[in-house]
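Observations on the three-dimensional arrangement
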Amino acid sequence: MKDEKIKVIKDESTPIYKEWETWARKGNFRVEGYQFVRAPCGPGKIEDAKMGEFMLVNRPHGALYTHSYGLVSKFFQGLIDKKLYGTRCPKCGTSYCPPRMHCWNPVCRVAETEWVELPLKGMVHTFSVMLFSADAFLEMLPFVLAYVQVEGSDTTVPMQVVTAPTNVFVGQKVEIKFRDRRMGELMDMYAVPVEGQKIPKDSCLNNPEYLKDLERDLQGTYAYLEKRFGLKKEDIEKRWKK
Amino acid sequence: MSRVAIVGGGIFRGDRFRYENAEEGVAIAFRDLLEDTPELDPQDIEFVMMSYFSDHLNQQLCMGWIIQDYLGLHRKPGYRVESGGSTPLDAIINAYYLIKSGYYDLILVPGWEWMSEVDTATTNEFIASASDTDWDFTVGGYYNGYYACLETRHMQLYGETVEDLGRIAVKNHNNATHNPYSQWRSEHGTEYITLDDYYTDRIVAWPYRRMNCAVISEGACCLLMASEEIARKYSDTPMWFEGVGLGTDSMRPGDRLADWPYRGVYPEDEKRYPENVKKPKTPYPDMANFGSLREGAVTAYKEAGIKTPVREIDLAEIFAPYDGVELVLYEDLMFCKRGEGKIMIREGIVERSGELPCQTSGGLTAFAHPVGATSLMQSLVLYWQLSGRIPEKFGDKTLQVPDAEKALTTGHGGTGCQGGVIVYSR
């Protein structure tokens, strides 16, 4: 091996390192604020509680992780190039998307798998309509989270399905699209339903009562987004192509 | 080999905010145990098996050392067990193995979690870092979303309804109104709820409403475990371990369509896959059932000699962070066949007046869910149940299951990545 040192081939990191420099200083466990509160406390049942005084401190902590995607880096590089890859075990034939570089079928004795390019087509295996989420995704709400079986794969990959939340169903055929801004993460791609499909009668969400309640609470989520982030419903629908 | 028993317990009630810090909460739970177990000299404790889930939530690694130190038990051997939501059950099972193997006779199991130092969305985010952060978390998933997807799949395959999920929620919340240690009662009082209340509750991740999801809590619990030789020194009513079992499944639920280690292991369940749905390579568990819990149940029932769980077990405290998990586990714990979970709730079998009451405590959605303490709290309730002490402990006899002899509890981590089952007897 001639070229035996670690060498950066492409670098989209420098700006974020600079931006995070200030964050790292903020997130230094230093106390940035405090409160005194009176609150129920003590042993026993609810009715045994007494009032006590406590001091609370605000202590931030931020960090920038630099994480390797390892041997499946090719998959994420593929996303940047608008291609979808999976892997296939040459011994048992199982196709994996998400890819794994070693087959998990115990009879294959950790065989190395081979890369295959997959079509940008799949099927919704299961889904949820998300009306609340973790911090990182609040501004994406509301969205359909689905596990999609990409054509030719034996496993499923989670992705968001861009459609009216009341339209999704198990077995729905989808096309996989890529966003304009791609960073090499699953969010670089999303699914849209293939046109002209009818919602099956036996779809578990296809019940007028369920849809009515879902509509009601979707309005609540839109109101929350406008109040917290100033996002209008129309803006929310436009954000996908970016 | 010696039998093993739970011979005492103490609780520091879980609630949304508790401002005593973790070591103080654990100390209060330990003092509660000492008051209930006058024969216990803390110096006799031989090992401390500590249970807490997250290092992120409190900006503190190795909190177990703080706990041992604060309780004055720091000369003793001890370590921390961690396996997501299964943490507290695995801690109990670890202590069981150590006593069973003859290494120790008396082990203290303290468990705790302080989950409200960051806001709710951040708590969700920290917990979600127990899922695959390259492949599951990055698309906006977190546990409400993953579990909702799992429940949607089961619903599509086996036809339970939103009403069935609502019935489980109503059952558990109404049980919790009789539990004076429950977070639901602390926040909402003792009035019963109905299905109508359930329908007005906000959907967070369809098909789940807020009431279907585990609460965020701060709280602590301590259990005392002993070998047969010394158990009766501490308790007149030891709760014996009859069988334990552990199991695991894939990290990512989406991979369970080609879940090779499960292929052909449960042929009956594979056969019960509906004809009109495209079959994955491995039809059980798919993204519908929990293979890890099935593995745990099979092992535990074998050790306990249980043949027909629904008849032989008198009550269960299931670790169900979502109500669909409870319904699906009726199947994986073999209370009924795959696809029949809905019948268990529709026919009232799991109500407190039914043949196999589940979650008399209120469970994770209504009792409390300070992760590292949760299974300890559920086992403590079973200890009180099997010794007939619910009226004394709760000041209310409603939840007491009369003459209960055998009880079951489970642990559940990740998206069913880790599972465990314990069968107890009085």
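Keep in mind that this is a model prediction, so the values were computed, not measured. (Residues numbered from 1 in each chain as written. Chains lettered and ligands numbered in written order. Predicted model: local features only at pLDDT ≥ 70, side-chain atom pairs only at ≥ 80, totals over all residues. Heavy atoms only, no water.)

Thoughts on the overall build of chain B
The line we're drawing: The secondary structure listing takes helices from DSSP runs of H or I that are at least 4 residues long and strands from runs of E that are at least 2 residues long, numbered from the N terminus. Throughout, the radius of gyration refers to the C-alpha atoms, and the reference size of a globule is 2.2 Å times the residue count to the power 0.38. Here's how the labels work: a residue is buried when its accessible area is under 20% of the maximum for its type, exposed when over 50%, partly exposed in between, all with a 1.4 Å probe on protein chains only. With residues, only the protein chains shown are counted as cover, and all accessible areas are computed by Shrake-Rupley using a 1.4 Å probe.
If you tally the helices and strands in chain B, you get 17 helices and 11 strands. Its C-alpha atoms give chain B a radius of gyration of 20 Å, within 12% of the compact-globule value 22 Å for 426 residues. Projected onto the principal axes, the alpha-carbon positions of chain B cover approximately 65 × 45 × 45 Å. Put simply, chain B has 426 residues, and 69% of those count as buried. Accessible surface for chain B amounts to roughly 13500 Å². Of this, 48% is attributable to carbon and sulfur atoms.

As for the nonpolar core
Applicable threshold: Only buried residues count toward a nonpolar core. Its members are Ala, Val, Leu, Ile, Met, Phe, Trp, Tyr and Cys residues joined through side-chain atoms within 4.5 Å. In this document the domain limits rely on a domain assignment from an automatic tool or a database.
Ranked by internal contacts, the top residues of the largest apolar core, which has 114 residues, are M189 of chain A together with W206, Y330, L333 and F335 of chain B. When residues of this core are assigned to domains, at least three fall in each of domain 1 (74-118) and domain 2 (121-241) of chain A. In terms of nonpolar packing, the next biggest core, distinct from the first, is built from 43 residues, V4, V81, I93 and F241 of chain B among them.

A word on the sheet that holds strand β5 (residues 114-118) of chain A
All names here are of chain A. Selection rule: For two strands to be treated as a pair, DSSP must find at least two bridges joining them. Only heavy atoms matter for contacts: two residues are in contact if any of them lie within 4.5 Å across the pair. Note on method: axes are straight lines fitted to C-alpha atoms, helices fitted across the in-contact stretch only, with angles between N-to-C directions ranging 0 to 180 degrees.
Read from one edge of the open sheet, 3 strands run β4-β3-β5, paired in antiparallel fashion. At either margin of the open sheet sits one strand with a lone partner, and together these are β4 (95-96) and β5. Summarising the sheet, strand β3 (residues 84-88) and β4 pair through 2 bridges and their orientation is antiparallel. Of the residues in β4, the one forming a bridge with T87 is Y96. Helix-sheet contacts for helix α2 (residues 73-80) involve β3 and β5, and the interaxial angle to β3 is about 155 degrees.

With respect to the interface of chain B and chain A
Convention followed: When two parts are brought into contact, each loses some accessible area as probed by a 1.4 Å sphere; the total of that loss over both is the buried area. When a carboxyl oxygen of Asp or Glu lies within 4 Å of a side-chain nitrogen of Lys or Arg, that pair is called a salt bridge. Two N or O atoms count as a polar contact when they lie within 3.5 Å, although within protein this holds only if one can serve as hydrogen donor and the other as acceptor, and sequence-adjacent residues are included solely when both atoms are side-chain atoms. Residues are grouped as follows: nonpolar covers Ala, Val, Leu, Ile, Met, Phe, Trp, Tyr, Cys and Pro; charged covers Asp, Glu, Lys and Arg; every other residue, Gly included, is treated as polar.
Taken together, the contact pairs 65 residues of chain B with 68 residues of chain A. Summed over both sides, the interface of chain B with chain A buries roughly 5700 Å², with 59% coming from carbon and sulfur. Counting across the chain B and chain A interface gives 4 salt bridges. Notably, a salt bridge pairs R185 of chain B with E47 of chain A, separated by 3.3 Å at the nearest N-O pair. If you look at where chain B meets chain A, you find 31 residue pairs in polar contact (both at pLDDT 80 or more). Elements supplying a minimum of two residues to the side of chain B that touches chain A: β1 (4-15), α1 (22-36), α4 (120-128), α5 (143-158), α7 (183-188), α8 (195-200), β5 (203-206) and α17 (390-394) of chain B. Per-element accounting of the side of chain B that touches chain A gives the leading share, 8 residues, to α5 of chain B. Its residues placed into classes, the side of chain B that touches chain A shows 27 nonpolar, 18 polar and 20 charged.

Concerning a nonpolar patch on the surface
Threshold: For patch detection, residues must exceed 30% relative accessible area and be free of salt bridges, and they are connected within 9 Å for like charges or within 5 Å for nonpolar side chains (Val, Leu, Ile, Met, Phe, Trp, Tyr).
Together, V31, Y34, F36, M55 and V57 of chain A make up a nonpolar patch on the protein surface, roughly 550 Å² of accessible area in all. Residue position: Y34 of chain A is located in strand β1 (residues 33-41).

Describing the pattern of salt bridges
Side chains that differ in charge, positive against negative, can pair when their charged atoms come close. Residues and elements named next belong to chain B. Enumeration over the complete set of coordinates arrives at 32 salt bridges over all chains. Notably, a salt bridge pairs R31 with E35, separated by 4.0 Å at the nearest N-O pair. Taken together, the positions of R31 and E35, both in helix α1 and 4 residues apart, correspond to about one turn of that helix. When its relative accessible area of 46% is taken as the criterion, R31 is described as partly exposed. Its relative accessible area of 60% is what places E35 among the exposed residues. Salt-bridge contacts for E326 lead to K171; the nearest nitrogen and oxygen are separated by 2.7 Å. Taken as a pair, E326 in helix α13 (residues 323-332) and K171 in helix α6 (residues 162-176) lie far apart in primary sequence, 155 residues in all.

Description of the domain arrangement of chain A
All names here are of chain A. When cut into domains, chain A gives domain 1 (74-118) and domain 2 (121-241). For domain 1 and domain 2, the distance between their C-alpha centroids amounts to 26 Å. Interface area for domain 1 against domain 2, summed over the two sides, is near 1300 Å², with a carbon-plus-sulfur share of 69%. Counting the contacts that link domain 1 with domain 2 gives 6 residue pairs in polar contact (both at pLDDT 80 or more). Breaking the side of domain 1 that touches domain 2 down by element, the ones donating at least two residues are α2 and β4. The dominant element in the side of domain 1 that touches domain 2, judged by the number of residues it contributes, is α2, at 4 residues. A class-by-class count of the residues in the side of domain 1 that touches domain 2 yields 9 nonpolar, 3 polar and 2 charged.

Overview of the packing of helix α3 (residues 87-100) of chain B against helix α16 (residues 371-386) of chain B
Packed helix pairs are characterised by how far apart their axes lie and by the angle those axes make with each other. All names here are of chain B. Heads up, the condition is: Should an angle fall under 35 degrees it is called roughly parallel, over 145 degrees roughly antiparallel, and 65 to 115 degrees roughly perpendicular, with every other angle called oblique.
The N-to-C vectors of α3 and α16 enclose an angle of 60 degrees; their axes lie 6 Å apart at closest approach. If you check the angle between α3 and α16, you find them oblique. Of the residues in α16, those touching α3 at P88, L89 and I92 are V371, G372, A373, T374, S375, L376 and S379. Class assignment of the residues belonging to the contact of α3 with α16 gives a composition of 6 nonpolar, 4 polar and no charged.

Digging into helix α2 (residues 63-70) of chain B
All names here are of chain B. Put simply, the rule is: Arc definition: directions from the helix axis to the C-beta atoms.
Those residues of α2 that fall on the buried side of the exposure criterion are M63, G64, I67 and Q68. Relative to the axis of α2, the buried residues are bounded by an arc of 140 degrees and lie together on one face. Turning to α2, the residues buried within the fold contact α1, β2 (47-51), β3 (78-81) and β4 (106-114). Directly after α2, the chain includes G72, whose backbone phi takes a positive value near 70 degrees.

Thoughts on the sheet that holds strand β9 (residues 315-317) of chain B
Residues and elements named next belong to chain B. Strands sit in the order β3-β2-β4-β7-β1-β8-β11-β10-β9 across an open sheet of 9 strands; the sheet is mixed. The open sheet terminates on both sides in strands that have one partner only, identified here as β3 and β9. Direction aside, the axes of adjacent strands within the sheet are offset by 25 degrees on average. Pairing between β2 and β3: 4 bridges, direction parallel. Counted as the bridge partner of M49 is Y79 from β3. α2 contacts β2, β3 and β4 of the sheet and is inclined by roughly 135 degrees relative to β2.

Description of the packing of aromatic side chains
Heads up, the rule is: Ring pairs shown here join Phe, Tyr and Trp side chains whose ring centres sit within 6.5 Å, with only the six-membered ring taken for Trp; geometry is labelled stacked below 30 degrees between planes, edge-to-face above 60, and tilted in between.
Applying the stated rule across the entire model yields 29 aromatic pairs over all chains. Ring geometry for F76 of chain A against W135 of chain B: centres 4.9 Å apart, planes inclined by 45 degrees, an arrangement best described as tilted. Within this pair, whereas F76 of chain A is found in helix α2, its partner W135 of chain B is found in the loop between α4 and α5, the two belonging to separate chains. Assigned by exposure class, F76 of chain A and W135 of chain B land together as buried.

Some details on the side chain of S375 of chain B
The topology assignment puts S375 of chain B in helix α16. Apart from residues no more than four positions distant in its own chain, S375 of chain B is found in contact with P88, L89, I92, F319 and T410 of chain B.

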